[in-house]
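Structure assessment
The lines below spell out each chain.
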Amino acid sequence: MCGIVGFTGRQQAAPILLDGLEKLEYRGYDSAGIAVAQAGGAEPSIEIVKAKGRLKVLREMTDDGRSVSGTCGIGHTRWATHGEPSVVNSHPHYAKNKRVAVVHNGIIENYQEIREKLTKEGFSFVSATDTETVAHLLDKYYTGNPIEAISKVMFRVRGSYALGILFADRPGEIYAVRKDSPLIVGRSEQGNFIASDVPAILKYTRDVCFIPNLEIVKLTAVEIHFYNVDQEEVEETFSEINWDTEAAEKGGFAHFMLKEIYEQPKAVRDTISPRISDGHVDLEELGMSREELAKVSRLQMVACGSAYHVCMTARYMVEQTARVPVDVDLASEFRYRNPVMEKDTLVIVVSQSGETADSLAALREAKKLGYRVLGIVNVVGSSIAREADSVFYTWAGPEISVATTKAYSTQLAAVYLLAIGLGKAKGVIGEAQETQMVEELLRLPEKIERILEEKERIQWFANKFSHSKDIFFIGRGLDYASSLEGSLKLKEISYIHSEAYAAGELKHGTISLIEDGILVVGVATQKGLFEKLISNMVEVKSRGAYVLGVTSYGNYSMEDVANYTIYVPKTMECFAASLVVVPLQLLAYYVALGKGLDVDKPRNLAKSVTVE
Ligand code: F6R
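About the thresholds
Residues numbered from 1 in each chain as written. Predicted model: local features only at pLDDT ≥ 70, side-chain atom pairs only at ≥ 80, totals over all residues. Heavy atoms only, no water. Domains from an automatic or database assignment. Helix = DSSP H or I, 4+ residues; strand = E, 2+ residues; numbered from the N terminus. Expected span 1.5 Å × (residues − 1). Bend = angle between axes of the 7 residues up to and from the residue. Buried < 20%, exposed > 50% of the residue type's maximum accessible area, 1.4 Å probe, protein only. Polar contact = N/O pair within 3.5 Å; in protein donor to acceptor, adjacent residues only side chain to side chain. Contact = heavy atoms within 4.5 Å. Axes fitted to C-alpha atoms, helices over the stretch in contact; angles between N-to-C directions. Parallel < 35°, antiparallel > 145°, perpendicular 65-115°, else oblique. Nonpolar A, V, L, I, M, F, W, Y, C, P; charged D, E, K, R; others polar. Near = heavy atom within 4 Å. Areas by Shrake-Rupley, 256 points an atom, 1.4 Å probe, with all protein chains shown as cover. Pairing = 2+ DSSP bridges. Right-handed = clockwise from strand over helix to strand, strands pointing away. Salt bridge = Lys/Arg side-chain N within 4 Å of Asp/Glu carboxyl O.

**As for the domain arrangement of the protein chain**
- Split by domain assignment, the protein chain resolves into domain 1 (3-244), domain 2 (255-451) and domain 3 (454-599).
- One C-alpha centre belongs to domain 1, the other to domain 3; they are set 45 Å apart.

Spelled out as structure tokens, the structure:
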């Protein structure tokens, strides 16, 4: 989604802003702009430069930022919501007389109403954006005290926002405020920063504070002050981000996606190992006693996209392992369906970014209804991590590619650990079974590595199908959940239409879509369902489909049906999703690569979906 960066300090701001925006490119954008305070002239002013398209255009226009003087500025990459992608709709936006400049992430829900009122009062709008209303409102309320003006705006607007603001008569000062949209401040010897996401400023500082909701921040080159909405100064603490800059660079890989696929063994290891002590799963960080865990009667899992597929996997895995019923909802549905849940339900929200608007809203809804919420989150200090009652971090490190891979794998690992802990607390699994499961969990990273060693076979196959129009994925049980993820991965980066079906459901309509040469990927790792899936593969093959089988070593009868087979190492059936997803990710990657597409930044998509 949109990205924000701001800098005030001793160096020229524009090159730093462009550099920061580049680090946020992965979030998705269609235009970009910077605003820099000009203190030198007869009257202080703000210079804005904006461009449609890639940041490269903005770089060319400003000689990599060198032609824009000034040491204090804000920048933005926009992902269009209100108004088409264009220069005029891109941020920053000026207010009348260019007294104020604003960058904004989020959505101002009542902007139409405010716009009409301001128009009647004589304010004229140049863009179709909701953000411009904020610029004009700030101008209207500003009488020399920025904190007062911002707080008045906060009372006037509804929706979500992270704002970076410059006032022309206060060069050297940046103001920032947020509600339900992430924003951080960072401090360093060279100066101070704001950013919507850590990678933007990681090169300059790791000393950051996640701005609490509804707080205003004033930054100068040497000071940072926080205020609440009542304009009272408040103290906030900074923490050290331990991600290193290299983790946010490609490190020799052609794309972040491939690099992150390769980082999966480490990410999974980093997520599992700290939770194993003396061969047992240790869930102490949940802050729930064994008795409290044993009392959990139901899990309600909520998430979006791939994280939702993790929940689908969890439904099969946790129900089998811990015999606890699991309900799974898309966060966008859960938040509005007024759910009926039994008393001892534990709500689990799964999110890589910890900022997904629907997932955050679902968390708040669950808390409002009085339920305990556990967040499975990757970004430390993110909104979901802060607002959940307990957090179980997935230690995937920064994930840059829009299509998730390593975060997904670590979410699966987190689910396994919870399932074992829950099963143990409930007395469903005993010591011996726990030991066996833990040993196998610890072997997963090495098995993922083995799959990666065979990537050329998948690449070869992918090249044959990069011009497909439709591709289907089928599976049963856990393999159905993996098929959903395989299909999403493929369609989001290759733009090939794809669907995943519970294989038994094919005959109820979808099979009519099967025609000559269409690729059907059959995922089959579950012993009890293997023969059933093979029958479904025969059904599609006899209607002309080309069948790719994905299964575990040993299931060689797959080759009697499949035109091509990809094997993954054997593991316990309940962990199979962690292995089969790897060839499916590689398949998607190489198909997209074969089509010459921008794998890391697929069209219309954003890494962190912070608006509804
Ligand atoms: C797909 C993908 C998305 C995310 C979804 C939720 O590759 O990355 O479907 O899984 O937008 O995002 P988080 O996990 O940040 O809440």
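So that's the structure; there's more coming.
**A short note on helix H14 (residues 431-453)**
- Its 23 residues give H14 an end-to-end C-alpha distance of 34 Å, which sits within 8% of 33 Å, the value for a rise of 1.5 Å per residue.
- At Leu-444, H14 is bent by approximately 35°, the largest bend along its length, and proline Pro-445 sits one to four residues beyond.
- Within the span of H14, buried status applies to Glu-434, Met-437, Val-438, Glu-440, Leu-441, Leu-444, Pro-445, Lys-447, Ile-448, Ile-451 and Leu-452.

**Digging into the side chain of Arg-335**
- By the element assignment, Arg-335 lies in the loop between helix H10 (331-334) and strand E20 (345-351).
- Of the polar contacts made by the side chain of Arg-335, one reaches the side chain of Asp-358; its length is 2.6 Å.
- If we ignore the near neighbours within four places in the chain, the residues touching Arg-335 are Ala-357, Asp-358, Ala-361, Ala-362, Glu-365 and Glu-612.

**With respect to the packing of helix H13 (residues 406-425) against H14**
- In contact at an axis separation of 11 Å, H13 and H14 are set at 175° when each is read in the N-to-C sense. If you check the angle between H13 and H14, you find them roughly antiparallel. Facing Tyr-416, Leu-417, Ile-420 and Lys-424 of H13, the residues of H14 in contact are Glu-431, Glu-434, Met-437, Leu-441 and Leu-444.
- The class makeup of the residues in the contact of H13 with H14 is 6 nonpolar, no polar and 3 charged.

**Some words on the site of the ligand**
- The local shell around the ligand holds 14 residues, among which Ser-351, Gln-352, Ser-353, Thr-356 and Glu-492 are the closest.
- Within the backbone of Gln-352, a nitrogen or oxygen atom sits 2.6 Å from an oxygen atom of the ligand.
- One of the side-chain nitrogen or oxygen atoms of Thr-356 is found 2.4 Å away from an oxygen atom of the ligand.
- Calculation on the ligand without its partners gives an accessible area of 400 Å², and the protein chains cover 90% of this total.

**Describing the pairing of strand E18 (residues 298-303)**
- Taken across its 6 residues, E18 has 5 buried, putting it largely inside the fold.
- Pairing of E18 with strand E19 (residues 326-330) involves 5 bridges; the strand directions are parallel. Residue pairing in the sheet places Val-302 in a bridge with Asp-329 of E19.
- Where the polypeptide runs from E18 across helix H9 (residues 305-322) and back to E19, its parallel neighbour, the crossover connection is right-handed.

**A short note on the side chain of His-309**
- Along the chain, the position of His-309 falls in helix H9.
- In this structure the side chain of His-309 is engaged in a polar contact, spanning 2.9 Å, whose partner is the side chain of Glu-485.
- Setting aside anything within four residues of it in sequence, one finds His-309 in contact with Tyr-408, Ala-481, Leu-484, Glu-485 and Leu-488.

**A look at the pattern of salt bridges**
- Going through the model one piece at a time under the given rule, you end up with 36 salt bridges.
- In this structure, Glu-22 engages Arg-59 in a salt bridge whose closest nitrogen and oxygen atoms are separated by 2.9 Å. Taken as a pair, Glu-22 in helix H1 (residues 13-23) and Arg-59 in helix H2 (residues 55-61) lie far apart in primary sequence, 37 residues in all.
- Residue class for Arg-59 comes out buried when judged on its relative accessible area of 18%.
- Between Asp-180 and Arg-364 there is a salt bridge, with the nearest N and O atoms lying 2.9 Å from each other. Residue Asp-180 is located in the loop between strand E8 (174-179) and strand E9 (184-187), and its partner Arg-364 is located in helix H11 (residues 357-368); the two are separated by 184 residues in the primary sequence.
- Among the ionic contacts, a cluster of salt bridges with common partners joins Glu-22, Arg-59, Asp-63, Asp-64 and Arg-66.

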